[in-house]
Amino acid sequence: MKFRYKVLFTNLILLSLGLGLVGYLMIHKNFELAKQTQLKNAIVQNNLVQSSVEYELLQLLNSVSDNSETSNNNIDNNNAEKSSISASSIAAQLPQIGSRVSSSVRSRDSFFYIYFDGEKVYTDDKSDARIGDTLFKNLTTGNKNYVIKEESQKHYIYVTSQSVIDEKNLWIVSKCDASEAYTLLDEQINYFRLIIIVILIAESAAMYFISRYMTKPLEKLNHVSEEIAQGDYATRVNVKSHDEIGLLAQKFNIMAQAVSDHVDELNDMVHRREQFVADFTHEIKTPMTSIIGYADTMRSMELPREEQMMALGYIFSEGKRLESMSQKLFELIYLRRHDIEKARVHMADLCAEVVKVVEPAYENRHLTIETEIEDTVLTVNRELLVTALVNMMDNARKASQEGQQVEVTGKFVDKMACNILKDKTDIGEAESTDDGKCMRAYEICIIDHGIGMTKEQAAKICDEFYMADKSRARKEGGAGIGMSLVAIILEHHNAVLSVESEPGCGTTMRILLPW
């Protein structure tokens, strides 16, 4: 079931219960008020009949006593005494008295009964309904009992009052029609049913459109989630509300963007791996083809000594290139999966060690190294940083012509320079300075004046197996992995690498190490 229908049915149920409860209380209250009004009218009618009967009895007693002395002859609500007329004579006169009272005080839809000494002596009710003993239980002079009974689809109120004559009970029972209250109750119930049906229909229509409007952003969210599930990661939710649904849409868009970025990263990683496998296969295939070719030539035919040495030289150089490639690949894989240990190192000593390592290769090319190192102590991994600088120095050697100079400098700079350098080719991630203050960093520059590179080439130098000049790199024994290894090492040191190069003018590589 859709959420909007749940909202609709929930509101209908709650509204029905609320209206039903309010309607019940109001109708019940109105019915009780109408019933009390009918009861008061019935009591008034009973009082009127009782007083009229007592007055007629008083007139009878006065006429019978004639000229004889009477003392304290009183008929009231509390007592009536008689000294000169018998109870049987009173019982005989009560039907006539009742008839006169009926003709004078009886109203429409009201009747009365007269009981004397427990016997019914008069009634003007043609139905002569059976009253029962309930009305006479615990009845005392001055009090009244009443009961509501249904007769012939009508409701009547029976009210009983008591007087005492010659120590015998005189009961006056009035019967008044109370059907008006019950008719009003039925009319109110029917009217309320009609009202509640109309209200529920109107409320259903209103709530349907309101719930549809309110859940429309959720439908959009659901539609977008389905599109994302089908692979369309560029889809976003366009919800402009400022409530919880709008906030949910914003968070969903943020989540979708994160998923999209992650998928792009995964796709890029898969692409890079596929490219890595393709490049690795190609890089292995080239030296292996040379090795197999020369070995097969030497195996299948007799070659002059000079040609044998040349073939063995090719086999040896290509084997060394495979060895270098495998070693660097191992280091690359290891560094990507493991953390490194760091220690405090003097940078002047570290740079001197790098120069000492590459110096023989530079001398073979008649290249000179100019160093200007400002000594300081940094917390680094000495062996890995030496490896990174040696690879960078080796690239500078390969790019330089005989007789040229390569410069190596080390000095302190403001760390705010990182923000400028990262606009160029950066590898590592420098620690951010949230407050914008200048913090110091140690900069190592390796500057050559060789063949240089284009910006496109400089942006790819850290990709695995990338070589700006493949023929020259292979001739020099390069495998295209050295700068990838440099990038991983600098990343472990939270360092930034920038490359500035121009074809024919040389290349400047800067490393910023946090201090």
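Structure report, in brief. Per chain, residues are indexed from 1 in the order of the written sequence. In keeping with the model being predicted, local features are shown solely for residues with a pLDDT of at least 70 and side-chain atom pairs are shown and tallied solely at 80 or more, while totals for entire chains, interfaces and linings include all residues. Note that the side-chain values use all heavy atoms of the structure and ignore hydrogens as well as water.

Regarding unusual backbone geometry
Quick note on the threshold: Strands here mean DSSP runs of E at least two residues long; helices mean DSSP runs of H or I at least four residues long; both are numbered from the N terminus. Type-normalised accessible area, obtained with a 1.4 Å probe on protein chains alone, sets the label of each residue: buried when under 20%, exposed when over 50%, and partly exposed for intermediate values.
Although it is not a glycine, Ser152 sits at a positive phi angle of roughly 55°. Here Ser152 lies in the loop between strand E3 (144–151) and strand E4 (154–165). Its identity is not glycine, yet Gln153 carries a phi of approximately 60°, on the positive side. In this structure, Gln153 sits in the loop between E3 and E4. The exposure class of Gln153 is exposed, given its relative accessible area of 75%.

Here we look at the environment of Ile201
Structurally, Ile201 can be placed in helix H3 (residues 179–229). Taking relative accessible area as the criterion, Ile201 reaches 56% and is therefore assigned exposed. Spatially, the C-alpha atom of Ile201 lies 9.4 Å from that of Leu12, the residues being 189 residues apart in sequence.

With respect to the sheet that holds strand E7 (residues 368–373)
Short version of the rule: Two strands qualify as a pair provided that DSSP identifies no fewer than 2 bridges between them. Axis lines are fitted to C-alpha atoms, over the contacting stretch for helices. Their N-to-C directions set the angle, which ranges from 0 to 180 degrees. Any two residues whose heavy atoms approach within 4.5 Å are treated as being in contact.
Across the sheet, which stays open at both edges, the five strands sit in the order E7-E9-E10-E12-E11 with mixed pairing between neighbours. Here the strands that pair on one side only, and so sit at the sheet edges, are E7 and strand E11 (496–502). Direction aside, the axes of adjacent strands within the sheet are offset by 15° on average. Note that strand E9 (residues 405–414) and strand E10 (residues 440–448) share eight bridges and pair antiparallel. Counted as the bridge partner of Lys411 is Glu443 from E10. This element, helix H6 (residues 347–364), spans E7, E9, E10 and strand E12 (506–514) of the sheet and lies at about 180° to E7. Each of E7, E9, E10, E11 and E12 is contacted by helix H7 (residues 382–399), which is oriented at about 30° to E10, the strand it contacts most.

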